[in-house]
Amino acid sequence: MLMPGKVKHRKVFRGKRRGKATKGNTLVFGDFGLQSLENAWVTSRQIEAGRVAINRYIKRGGKLWIRLFPYKPVTSKPIEVRMGKGKGDPEFWVDVVKRGRIIYELEGVNETVAKEAIRLAQAKFAIRTRFIKREK
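Our subject in this report is the structure included herewith. (Residues numbered from 1 in each chain as written. Predicted model: local features only at pLDDT ≥ 70, side-chain atom pairs only at ≥ 80, totals over all residues. Heavy atoms only, no water.)

Some thoughts on the packing of aromatic side chains
Evaluated as defined, the whole model comprises 3 aromatic pairs. Seen in terms of ring centroids, F29 and W65 are 5.6 Å apart; in terms of plane orientation they differ by 15 degrees. Their pairing is stacked. Of this pair, F29 sits in the segment before β1 (32–36) while W65 sits in strand β3 (residues 63–66), and the two are 36 residues apart along the sequence. Accessibility expressed as a relative area gives 18% for W65, which makes it buried. Summarising the aromatic geometry, the rings of F32 and F131 are spaced 5.7 Å apart at their centres and angled 20 degrees between planes, so their arrangement reads as stacked. With F32 in strand β1 and F131 in strand β7 (residues 129–133), this residue pair connects regions lying 99 residues apart in the sequence. Given a relative accessible area of 22%, F131 falls into the partly exposed group. A cation sits over an aromatic face here: R17 above W41, 4.7 Å from the ring centre. (Phe/Tyr/Trp six-rings, centres within 6.5 Å; stacked < 30°, edge-to-face > 60°. Helix = DSSP H or I, 4+ residues; strand = E, 2+ residues; numbered from the N terminus. Buried < 20%, exposed > 50% of the residue type's maximum accessible area, 1.4 Å probe, protein only. Lys NZ or Arg CZ within 6 Å of the ring centre and 35° of its normal.)

Here is the structure:
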């Protein structure tokens, strides 16, 4: 599972998820990509599940870039605990994804293989996404 090795603050505020991505919204490394169409938190489990789905389908045929990293801890309190007594412990890690952000990039495979691999990865996310390709 992806998570930072060291963080400055163990617990962080939840923040806002509005607006659109100004960085990370164009294909830089590969020829095909998966782009977010909504604002959301993407967990480290979702990122890993998408990576596994793509790699299983392309069978070492191309190169995959993951353009997200879960840097934000999400806390929660145990079940049936009374209100108060401080903030809960970190449970999992997320990345704040805004609409337009590229999630994965893929190269070294033809378009039909890339489309199917990206389609399998799309099923791992709870947000709307789309397949994009580099303009020649």
